[in-house]
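Take a look at the letters that make up each chain.
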Amino acid sequence: MSKPNPALNYSPAKRSTVIIEAPKADLNGLPSRYVHPGELDILIYLIRSAEARTVVEFGCNSGRTAAAILRNVDSVERYVGVDVRPGYSFACKVQAREVPAVPGELAIGDERFELLLRDRGTFDLTPDDLPSCDVVFIDADHSRAAVLNDRKLAKAIVRPGGMVVYHDDNGLEVVDVSLALDGLADDGAEIVHIAGTWLAFERM
């Protein structure tokens, strides 16, 4: 039996926390690496709630999340996954092995999926390189600089009423996500943590 992960009980002091009970999604056959039980269900629930037609993901890795969303959210017409090319060096050592061997491989067969690869990932993109969208899912480089860069990009492309969803909001010092989100909250951003997960979201 695996030990309970104390980070799943994380509740940020500077931001509000909500409980979301999402219905089970169809995740049959998809790998579970990098997510905790229930997180993909909640992410899918959030994207459905936004009635998203276009989704952009920063850090699509193998394309597992994209495949899950495209399978479970009928409204999605376009999905753009962004990742890095081999040789990228993450600032957070814990991510050293996260450069995907075959980026987007689990979603590439879906005609709605598009893959954008850059040497430095989102650091090499401007808003003009990305479509206007309803949801951005940020799950790429977890350094503070990258999270702030990704949030700036996301704000520029998310339509009014859409949302930005963040992964790895866990309070752990090995990544800077929670630190970056707390800093944004200090500046007035309303970023909400989801209890029992490493997810947070912000409505635009």
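Before any of the text, the structure's been laid out above.
Each chain has its residues counted from 1, running along the sequence as written. At least 70 in pLDDT is required for a residue's local features to be given in this predicted model, at least 80 for side-chain atom pairs to be given and counted, and no such filter applies to totals for whole chains, interfaces and linings, which use all residues. Hydrogens and waters are ignored; side-chain quantities use all the structure's heavy atoms.

Caption draft 1: Spotlight on the nonpolar core. Think of a nonpolar core as a cluster: buried Ala, Val, Leu, Ile, Met, Phe, Trp, Tyr and Cys residues, connected wherever their side-chain atoms sit within 4.5 Å. Between buried and exposed lies partly exposed: a residue is buried under 20% and exposed over 50% of the maximum accessible area for its type, with that area taken using a 1.4 Å probe on protein chains only. Core analysis: the largest hydrophobic core is formed by 32 residues, its most contacted members being L46, I47, I69, V135 and V165. Elements supplying a minimum of two residues to this core: α1 (39–49), α2 (64–72), β5 (133–138), β6 (158–167), β7 (192–194) and β8 (199–203). Segments assigned H or I by DSSP are reported as helices when at least four residues long, segments assigned E as strands when at least two residues long, and all are numbered from the N terminus. A total of 6 residues in this core trace back to one element, the largest contributor, which is α1. For this analysis, residues touch if any pair of their heavy atoms sits within 4.5 Å. What V135 contacts, discounting residues up to four positions off in sequence, is I47, A50, A52, T54, V55, V56, M163 and V165. Residues V80, L153, I157 and A180 belong to the second largest nonpolar core, which totals 25 residues.

Caption draft 2: Representation of the packing of aromatic side chains in the model. Aromatic rings from Phe, Tyr and Trp, taking only the six-membered ring of Trp, are treated as a pair when their centres fall within 6.5 Å; an angle between ring planes under 30 degrees marks them as stacked, one over 60 as edge-to-face, and anything in between as tilted. Applying the stated criterion to the full structure yields 2 aromatic pairs. Plain terms: the ring middles of Y79 and F113 are 6.1 Å apart, the flat faces sit at 35 degrees to each other, and that makes the pair tilted. Highlighted residues: Y79 in strand β3 (residues 78–84) and F113 in strand β4 (residues 113–118), separated in sequence by 34 residues. Ring geometry for Y88 and F90: centres 5.0 Å apart, planes at 85 degrees, overall edge-to-face. By relative accessible area, which is 14% here, F90 ends up buried.

Caption draft 3: Main features of unusual backbone geometry. For Y34, which is not glycine, the phi torsion reads 80 degrees and is therefore positive. As for its placement among the helices and strands, Y34 is situated in the loop between β1 (17–18) and α1. The class of Y34 is partly exposed, set by a relative accessible area of 31%. Here the phi dihedral of D168 falls at roughly 70 degrees; this positive angle occurs in a residue that is not glycine. Mapped onto the secondary structure, D168 falls in the loop between β6 and α4 (177–186). The class of D168 is buried, set by a relative accessible area of 10%.

Caption draft 4: Highlighting the packing of helix α3 (residues 144–157) against α4. Running from N to C, α3 and α4 point in directions that differ by 50 degrees, and their axes come no closer than 8 Å. By the angle between their axes, α3 is oblique relative to α4. Along this stretch, α3 crosses α4, giving a crossing that reads as right-handed. Counting all contacts with α3, which are made through R144, V147, L148 and R151, the residues of α4 involved are V177, L179, A180, L181 and L184. Interaxial angle, 0 to 180 degrees, is taken between N-to-C directions of lines fitted to C-alpha atoms, where a helix line uses only the stretch in contact. Angle categories: roughly parallel below 35 degrees, roughly antiparallel above 145, roughly perpendicular from 65 to 115, and oblique for all the rest. Crossing handedness: left-handed means the near helix sits turned counterclockwise from the far one by under a right angle, and right-handed means the same turn made clockwise.

Caption draft 5: Up close: the side chain of N61. By secondary structure assignment, the location of N61 is in the loop between β2 (54–58) and α2. Note on N61: relative accessible area 19%, which makes it buried.

Caption draft 6: Representation of the sheet that holds β4 in the model. Following DSSP output, two strands are said to pair if at least two bridges run between them. Strand order in the open sheet made by the 8 strands is β1-β7-β8-β6-β5-β2-β3-β4, with mixed pairing throughout. Two strands in the sheet have a free side with no partner beyond their single neighbour: β1 and β4.

Caption draft 7: How the structure looks around α1. Of all 11 residues in α1, 8 are buried; the element is thus mostly enclosed. If you check which residues of α1 are buried, you get E39, L40, D41, I42, L43, I44, L46 and I47. In this fold, the buried residues of α1 make contact with β2, α2, β5, β6, β7 and β8. At the exit of α1 stands E51, carrying a positive phi of roughly 50 degrees.

These figures come from the coordinates and say nothing about function on their own.
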